[in-house]
Amino acid sequence: MKIEINLGHLRDALNAALVALPGHNQCRSQPIFRRVLLDAQEGVLTVTARDLDIDIRVKAPAQVSEPGQACVPARPLALMTRGVQEDVILETTENHALRLTSGSVEATLNGTDSLFFPPLPETEAPLRRFMLPSLANIKGVLAACVGREEIHPILSGIACRLRDGTMELVGSDGYRMAVLRLPVEGLQALDRTVVLPHKLLTACSKLKNTGVEAALGDKGLSLSFALADITCLLHGTLLGGAYPDYTTSLMRAEGVRTTLHVERAALRRAADMCGVFGGVGTLRMWTKGEKLRYKAAVEDVGVVVGEIGAVVTGEQNRVALQAKYLLEGLPWLRTDEIVLSLGEQNSPIALRPVGGLDLTLMIMPYYIHREEEDDGVAALSGKSTERG
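These numbers come from a predicted model, not from an experiment.

Enquirer: Can you break down the pattern of salt bridges residue by residue, with the values?
Expert: Where charged atoms from two side chains of opposite charge approach closely, those side chains can pair. The full count for this structure, using the stated rule, is 13 salt bridges. In this structure, the salt-bridge partner of Arg161 is Asp191, at a minimum N-O distance of 3.3 Å. Taken together, the residues Arg161 in strand β11 (residues 157-163) and Asp191 in strand β14 (residues 191-197) connect sequence positions 30 residues apart. For Asp191, a relative accessible area of 49% translates into the label partly exposed. Linking Asp358 and Arg181 is a salt bridge whose minimum nitrogen-to-oxygen distance equals 3.7 Å. On the criterion of sequence distance, the pair formed by Asp358 in strand β26 (residues 358-363) and Arg181 in strand β13 (residues 176-183) is long-range, its members being 177 residues apart. The structure contains a network of salt bridges with shared partners spanning Glu91, Arg99 and Glu106.

Rendered as structure tokens:
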């Protein structure tokens, strides 16, 4: 293989490919995933990177003198392009090495036979094509809520329900859940739920938030978009298995006994005060008149007590939850005012922005198992009410 390519195009292609590289643990056990496959054919350089769940193919224009392939470490090659200032010549040498020449700079990167690069999933005919809405908010609250694979593999993905012009995305780790509804054109007369690798949407949102065309197949979802002079095709394999029925938690959250309208900044300050304990321990909240009072305490460390103003509708109520879930969720409710909905004892606490995204963040409370004369605050155990 021998090509000459614009430095900017090469940098953009490599930086886009890096989003598909797996984390450190998977790279350590399967080092082939640290590499990218360079394929030069008829005026186009295709850079391919992948892990077990997603893959990306980036095409950039290039002057191809000798078609061919090279399989080299991804990050070292990307770093090399930062140290040069002129267009680049890439040429394979003996033992599958890749020589990079740019002006007076020449570097060689040891490679691997391209036959060892993992094969990509077979291309399938799409069942439906549609344009995705903005992905700017997906990589935040949804990705933060997904579970760890070793605990419950299906919860490491994001449930995606496509129905009647709406895409409903759900992320959950069993203790909290985020539900985001977005309008999507091209989904009429369709009702299907699939489970996507969470890395597919977060990787796409890092590169481009709008102008993304989606193609849904039986086995995967492909996202295609353009970045200046390069084109990207990002593909994710659907996760197998059934996602837990999250509609039950939604129904429980809708059984509201108390609604509170509070300023997000005030609730954030209260959560920050409780954050002095590192987000551990129990955060207790209860209504008293037109106030929302709170208390957080960690044994042998200290205690925080305070109150914030609120517009309270319904009966007086109380709840307790793990402080870190509130701390992690509040930054994604990006409106000045938010609504807290409290239902029956031990039902999920629901938080929604007022006038922003159609987003619901639910947090499972702690058990309340006996009453104490402590401004109406109950003694609470250290276990959440449920998972899933």
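Now that the structure is up, let's keep going.
Enquirer: Kindly report on the pairing of strand β2 (residues 35-41), identifying the contributing residues and their values.
Expert: For β2, a buried count of 5 out of 7 residues is recorded, marking the element as mostly surrounded by other parts of the structure. One ladder, built from 6 bridges, connects β2 with strand β6 (residues 68-73); its direction is antiparallel. Within β6, the residue paired with Val36 across the bridge is Val72. Pairing geometry for β2 and strand β3 (residues 44-50), over 5 bridges, is antiparallel. Directly across from Leu37, in β3, lies its bridge partner Thr48. Between β2 and the antiparallel strand that follows it, β3, lie 2 residues; Glu42 among them carries a positive phi value of about 45°.

Enquirer: So, the sheet that holds strand β7 (residues 88-92): which residues are in play, and what are the values?
Expert: Spatial strand order, β5-β1-β7-β8-β9: 5 strands in an open sheet with antiparallel pairing. A single partner strand is all that each edge strand has here, and the edge strands are β5 (63-66) and β9 (105-109). Adjacent strand axes in the sheet meet at a mean angle of 15° when their direction is disregarded. Of the strand pairs in this sheet, strand β1 (residues 2-5) and β7 are connected by 4 bridges, and their pairing is antiparallel. By the bridge assignment for β7, Lys2 is matched with Glu91. Contacting β8 (98-102) and β9, helix α3 (residues 74-82) runs over the sheet at an angle of about 180° to β9.

Rules used in this analysis
- Residues numbered from 1 in each chain as written.
- Predicted model: local features only at pLDDT ≥ 70, side-chain atom pairs only at ≥ 80, totals over all residues.
- Heavy atoms only, no water.
- Salt bridge = Lys/Arg side-chain N within 4 Å of Asp/Glu carboxyl O.
- Helix = DSSP H or I, 4+ residues; strand = E, 2+ residues; numbered from the N terminus.
- Buried < 20%, exposed > 50% of the residue type's maximum accessible area, 1.4 Å probe, protein only.
- Pairing = 2+ DSSP bridges.
- Axes fitted to C-alpha atoms, helices over the stretch in contact; angles between N-to-C directions.
- Contact = heavy atoms within 4.5 Å.

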